[in-house]
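# Structural features, examined
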Amino acid sequence: MKRIIKSFFIASVMSVLLTLPFSCNKNHTPKPIGFLRIEFPEKQYQRFDTTFPYSFDYPTYATISSNTYSKDEKYWINVDFPEYKGKLHISYKTFNDIETLKKLTEDARVLAMKHIPKATGMQYIEVSNAQKNVYGLIYKIGGADVASTYQFYLTDSIKNYLRGALYFSVIPNNDSLSPVINFIEEDINELINTFEWKY
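Throughout what follows, the structure given in this document is the object of discussion.

Rules behind the numbers
Residues numbered from 1 in each chain as written. Predicted model: local features only at pLDDT ≥ 70, side-chain atom pairs only at ≥ 80, totals over all residues. Heavy atoms only, no water. Helix = DSSP H or I, 4+ residues; strand = E, 2+ residues; numbered from the N terminus. Buried < 20%, exposed > 50% of the residue type's maximum accessible area, 1.4 Å probe, protein only. Contact = heavy atoms within 4.5 Å. Areas by Shrake-Rupley, 256 points an atom, 1.4 Å probe, with all protein chains shown as cover. Pairing = 2+ DSSP bridges. Axes fitted to C-alpha atoms, helices over the stretch in contact; angles between N-to-C directions. Polar contact = N/O pair within 3.5 Å; in protein donor to acceptor, adjacent residues only side chain to side chain. Core = buried A, V, L, I, M, F, W, Y, C linked by side-chain atoms within 4.5 Å.

### Thoughts on the overall build of the chain
Scanning the chain for helices and strands turns up 3 helices and 10 strands. Element order for the chain, N to C, with α for helix and β for strand: α-β-β-β-β-β-α-β-β-β-β-α-β. Considering the chain as a whole, with its 199 residues, one finds that 37% of them fall into the buried category. Sequence-distant contacts, at least 24 apart, represent 50% of the contacts inside the chain between residues at least 6 apart. Accessible surface computed for the chain: about 13000 Å², of which carbon and sulfur atoms make up 57%.

### Let's talk about the sheet that holds strand β4 (residues 77-81)
The strand order across the open sheet formed by 7 strands is β3-β4-β5-β9-β8-β7-β6, and the pairing between neighbours is antiparallel. At either margin of the open sheet sits one strand with a lone partner, and together these are β3 (63-66) and β6 (121-129). If you compare each strand with its neighbour and ignore which way they point, the axes differ by 20° on average. Taken together, the 6 bridges between strand β7 (residues 134-142) and strand β8 (residues 150-155) define a ladder with antiparallel strand orientation. Bridge pairing in β8 places Ile 138 opposite Phe 152.

### Describing the sheet that holds strand β1 (residues 45-48)
Read from one edge to the other, the open sheet built from 3 strands follows the order β1-β2-β10, with strand pairing classed as antiparallel. Sheet topology places β1 and β10 (196-197) at the edges, where each strand pairs with a single neighbour. As paired strands, β1 and strand β2 (residues 54-59) are joined by 4 bridges and run antiparallel to one another. Each bridged residue has a counterpart across the sheet, and for Phe 48 the counterpart in β2 is Phe 56.

### Remarks on the pairing of β2
With 6 of its 6 residues buried, β2 lies for the most part within the structure. Here β2 shows no split at all, with Tyr 54, Phe 56 and Tyr 58 on one side and Ser 55, Asp 57 and Pro 59 on the other all buried. Linking β1 to β2, which pair antiparallel, is a turn of 5 residues. Pairing of β2 with β10, which is carried by 2 bridges, proceeds in the antiparallel orientation. Across the sheet, residue Ser 55 finds its bridge partner in β10, namely Glu 196.

### A look at the environment of Asp 80
With respect to the element layout, Asp 80 can be found in strand β4. Remark: the alpha-carbon pair of Asp 80 and Ser 65, spanning 15 residues in sequence, is separated by 7.1 Å. Other than its neighbours up to four places away in sequence, Asp 80 contacts Tyr 61, Ala 62, Thr 63, Ile 64, Ser 65, Gly 86 and Lys 87. A polar contact is formed between the side chain of Asp 80 and the side chain of Lys 87, at a distance of 2.6 Å.

### Here we look at the nonpolar core
Membership of the largest hydrophobic core comes to 34 residues, with the highest contact counts inside it found for Tyr 54, Phe 56 and Phe 152. Secondary-structure elements contributing two or more residues to this core are β2, β4, β5 (86-94), β7, β8, β9 (160-168) and α3 (174-193). A total of 8 residues in this core trace back to one element, the largest contributor, which is α3. Among residues more than four places away in sequence, those in contact with Phe 152 are Leu 88, Leu 137, Ile 138, Leu 162, Arg 163, Gly 164, Ile 188, Leu 191 and Ile 192. If you look at the next biggest cluster of nonpolar residues, it comprises 12 residues, including Ala 108, Ala 112, Ile 141 and Tyr 153.

This is the structure in structure tokens:
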């Protein structure tokens, strides 16, 4: 029995040694690390225009859903991007005085700043459309592990206030998600540029 095992072992070693010279290729080049190629649909938009106090354009490959976490807030919605597991949370508030507006904008700043520990940088983009009475601020937050890379608020400075935040229902890895993030950011910019209050 020992002889059979010894013979089997020697035969196994010999077969490995004989195949080694043929398995190596002198011209072998390691492949670079790659990411999955994502096919994006053509940009087409539709109007969200209901009984809500605001309207905007959003892409045809997105859907609108009610915000189930805030059932008492009837004007809170989500713009869902199911193909990419992304969700733009939109909240809406009214205010009667400048102090309340200051508090709302400060809350938006604090919520954006919560991502600073994992951020590599933050870009501020002012929104100002006097013709439509839409003013606000966009927070673009950089960093591979940041949970929300794009947040904003809009107001008419009179009584209406709206805040948006983009999230993905996946573990943050924004290096590999960056093509999707950039694609959806274009849609959010379109939403902001076409945004209107309904008085």
